Amino acid sequence: MDGIVTGVAQMGAIQKADTRETVVARMIELLREAKARGCGFVVFPELALTTFFPRWVYDRGDAELEAFYEDTMPGPATRPLFDMARDLGIGFYLGYAEKAGAKRFNTAILVEPSGRIAGKYRKVHLPGHAEPDPSRLGEHLEKRYFDVGDLGFPVYETMGVKMGMCICNDRRWPETYRVMGLQGVELIALGYNTPTGLGEPYQAAAQANFHNSLTMQAGAYHNACWVAAAAKCGVEEGFPMIGQSMIISPLGEVVAQAATLEDELIAARCDMKMARYAKTEIFNLARHRRPEAYRPIVERVGAGGLIQPDRKAMGLDDA
Ligand code: CDT
């Protein structure tokens with residue numbers, strides 16, 4: 001096969017009291033299962049080592065808050081994960097909270113089976129707020145605890161595949177996938193922690209799973225790449241989060257999907273021939289894209305005024 005057997009290691013809830021060591025032991029168990037199922041690469045969730053701490057209000061410098069970040073990778077608690085992956089010959093994607101000098105990032109890394117870190121991504125689309133909003137059912141304070149990612153959306157040649165990464169809310173933005181699509185990405189790994197609604201009238205519990213699959217299937221199809229997505233899910237400290245971890249083909253079809261809201265390994269043979277073929281046909285970007293018609297995408301942040309062609313150029317009679 002021209003590609004890689006990919007595992008998605010969905011993780012059930014992590015409570016505040018759970019230690020890194022306990023969590024890493026769960027991850028190692030999932031790696032063992034991945035090995036038994038022939039995986040060469042495994043995707044773990046966003047902020048996989050701790051509970052989803054942006055749901056609580058802290059001040060920067062608070063000891064409880066600071067303890068959620070990693071200042072070295074691997075560190076003492078994560079070293080056993082790297083060692084086990086190396087012993088099993090498996091590469092992995094890991095999401096964690098990164099402390100980088102005075103900055104804080106919501107980060108993911110690609111680790112090769114040798115233990116070498118092939119690449120890093122820092123979350124660009126930080127959802128939620130910087131200040132608490134008691135009118136909601138729960139807080140989502142990523143803008144308080146993380147700086148906006150400063151690495152763009154890099155694609156790395158690793159494990160025989162052109163791999164890219166993104167994190168949770170990034171998956172809802174077409175730009176995320178397209179920037180990687182324009183680098184020829186073949187597999188996008190991503191992790192997420194998605195609450196089943198925090199009281200918003202729309203994008204609430206009823207649509208949470210639909211939006212999850214909708215955005216990722218569209219991103220995979222439009223960019224002719226595999227998407228392997230791992231949830232952290234279940235009820236954390238009373239807050240429910242969606243599961244529905246999945247692997248999506250470059251044709252946009254779900255080829256594997258988790259059935260539980262607990263630790264669960266799903267796997268699929270991700271053949272890159274399928275991605276490469278789709279890139280030569282309908283989504284042959286070089287042949288079909290028209291960047292001159294897309295200028296507002298990079299010139300505007302929010303929606304602005306209408307952009308209308310000259311009436312004469314349209315051949316309208318009243319010009
Ligand atoms: N972790 C993360 O990015 N979660 C967001 C939900 C934010 S709700 C305010 C997501 O897009 O799933």
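Residue positions are given per chain, counting from 1 as you read along its sequence in written order. Only residues with pLDDT of at least 70 get local features here, since the model is predicted, and only at 80 or more are side-chain atom pairs given and counted; chain-wide, interface and lining totals rely on the full set of residues. Side-chain figures throughout are based on the complete set of non-hydrogen atoms in the structure, without hydrogens or water.

Enquirer: Can you help me understand the overall build of the chain in this one?
Expert: Per the secondary structure count, the chain includes nine helices and 14 strands. Taking the principal axes of the C-alpha coordinates as reference, the chain spans close to 75 × 50 × 40 Å. Taken over 319 residues, the chain has a buried fraction of 52%. Summarising the internal contacts of the chain: among those between residues at least 6 apart in sequence, 69% fall at separations of at least 24. Computed with a 1.4 Å probe, the accessible areas rest on the Shrake-Rupley method; for each residue, only the protein chains presented here act as cover. With an accessible surface of roughly 14,400 Å², the chain has 55% of that area assigned to carbon and sulfur atoms. Placing the 36 positive and 40 negative side-chain charges of the chain at their respective mean positions leaves the two points 5 Å apart. For the purposes of this entry, the term helix denotes a DSSP run of H or I that reaches at least four residues, the term strand denotes a run of E that reaches at least two, and both are numbered from the N terminus. Buried, partly exposed and exposed residues are distinguished by accessible area as a fraction of the type maximum, computed with a 1.4 Å probe on protein chains only: under 20%, between the cut-offs, and over 50%, respectively. When checking whether two residues touch, look at their non-hydrogen atoms; a contact exists if any pair is within 4.5 Å. Asp and Glu count as negative and Lys and Arg as positive, but His and the ends of the chain are not part of the count. The atoms used to mark charge sites are NZ of Lys, CZ of Arg, CG of Asp and CD of Glu.

Enquirer: Where do I start with the packing of helix α1 (residues 20-36) against helix α3 (residues 79-88) in this structure?
Expert: Each packed pair of helices is defined by two parameters, the angle between the axes and the distance between the axes. Packing of α1 against α3 brings their axes to within 10 Å, and their N-to-C directions diverge by 10 degrees. In this view, α1 runs roughly parallel relative to α3, as classed from their interaxial angle. Judged by residue contacts, Val-24, Met-27, Ile-28, Leu-31, Arg-32 and Lys-35 of α1 engage Pro-80, Leu-81, Met-84, Ala-85 and Leu-88 from α3. All amino acids are sorted into three groups, where Ala, Val, Leu, Ile, Met, Phe, Trp, Tyr, Cys and Pro are nonpolar, Asp, Glu, Lys and Arg are charged, and the leftover types, Gly among them, are polar. Looking at the contact of α1 with α3, its residues break down into nine nonpolar, no polar and two charged. Helix axes use the C-alpha atoms of the stretch in contact, all axes being lines fitted to C-alpha atoms, and the angles between their N-to-C directions lie in the range 0 to 180 degrees. The scheme is simple: roughly parallel for angles under 35 degrees, roughly antiparallel for over 145, roughly perpendicular for 65 to 115, oblique for anything else.

Enquirer: I tried to follow the sheet that holds strand β7 (residues 161-167) on my own but got confused; where do I start?
Expert: In a beta sheet, neighbouring strands pair by backbone hydrogen bonds and run either parallel or antiparallel. The rule for pairing is simple: two strands pair if DSSP sees at least two bridges between them. Spatially, β6-β7-β8-β9-β12-β13 is the arrangement adopted by the six strands of the open sheet, whose pairing is mixed. Lying at the two open borders of the sheet, with one neighbouring strand each, are β6 (155-158) and β13 (254-257). Recorded for the sheet is a direction-independent mean angle of 20 degrees between the axes of neighbouring strands. Looking at chain direction, β7 and strand β8 (residues 187-192) are connected through five bridges and run parallel. Across the sheet, residue Gly-164 finds its bridge partner in β8, namely Ile-188. Contacts from helix α5 (residues 174-181) reach β6, β7, β8 and β9 (226-231) within the one sheet, and its direction differs from that of β7 by about 160 degrees.

Enquirer: Mind showing me how you'd approach helix α6 (residues 205-223) here?
Expert: Since one α-helical turn is 3.6 residues long, residues separated by three or four positions face the same way. What a helix is expected to span follows from its residue count: subtract one and scale by 1.5 Å. Here α6 contains 19 residues, and its C-alpha end-to-end distance of 28 Å stays within 8% of the 27 Å for a straight helix at 1.5 Å per residue. Along α6, the residues classified as buried are Ala-208, Asn-212, Ser-213, Thr-215, Met-216, Gly-219, Ala-220 and Asn-223. Buried-residue contacts for α6 involve α5, β8, β9 and β12 (246-248). Looking at the residues trailing α6, positive phi occurs at Ala-224, about 50 degrees.

Enquirer: What am I meant to see in the nonpolar core here?
Expert: Soluble globular proteins: nonpolar side chains tend toward being buried together. Nonpolar cores were defined as sets of buried Ala, Val, Leu, Ile, Met, Phe, Trp, Tyr and Cys residues, with membership established by side-chain atoms within 4.5 Å. In terms of nonpolar packing, the biggest core is built from 48 residues, with Phe-41, Tyr-93, Leu-187, Met-216, Val-227 and Ile-247 touching the most fellow members. Residue contributions to this core peak at six residues, all from β9. Excluding residues within four positions of it along the chain, Val-227 makes contact with Tyr-177, Ile-188, Leu-190, Met-216, Ala-220, Met-246, Ile-247 and Ile-248. Ala-9, Met-27, Tyr-96 and Val-111 belong to the second largest nonpolar core, which has 29 residues in total.

Enquirer: How should unusual backbone geometry be read in this particular structure?
Expert: When glycine is set aside, most residues are seen to have a negative phi, and most peptide bonds are trans. For the peptide bond that leads from Met-73 to Pro-74, omega is 0 degrees, which places it in the cis range. Relative to the helices and strands, Pro-74 resides in the loop between α2 (63-66) and α3. One non-glycine residue, Gln-244, adopts positive backbone phi at about 60 degrees. By the secondary structure assignment, Gln-244 is in the loop between β11 (239-241) and β12. Residue classification places Gln-244 among the buried positions, given a relative accessible area of 14%.

Enquirer: How should the site of the ligand be read in this particular structure?
Expert: Around the ligand lies a shell of 13 residues, among which Lys-123, Cys-168, Asn-169, Arg-172 and Thr-194 are the nearest. For the ligand, the protein covers 92% of the area, taking 360 Å² as the surface of the free molecule. Across the shell around the ligand, the residue classes tally to four nonpolar, four polar and five charged. Distances are taken per atom, and a residue is near a molecule or strand as soon as one of its heavy atoms is within 4 Å of it.

Enquirer: Help me out: how do you make sense of the layout of surface pockets in this one?
Expert: Any empty space left between atoms is shown by rolling a water-sized probe over those atoms. Each cavity reported here is a set of points on a 1 Å grid over the protein atoms alone in which a 1.4 Å probe fits but cannot get out, each pocket an open set with protein on both sides within 12 Å along at least five of seven lines, and each lining residue one with an atom within 4 Å of a point. Grid points are joined across faces, edges and corners, and a volume is the space filled by probe spheres set on the points. Roughly 620 Å³ of internal volume is contained in the largest pocket. Lining the largest pocket are 19 residues, with Glu-175, Val-179, Pro-296, Ile-297 and Val-298 positioned closest to its centre. Residue assignment for the lining of the largest pocket shows that the elements contributing at least two residues are α5 and α9 (295-299). Ranked by residues supplied to the lining of the largest pocket, first place goes to α5 with five residues.

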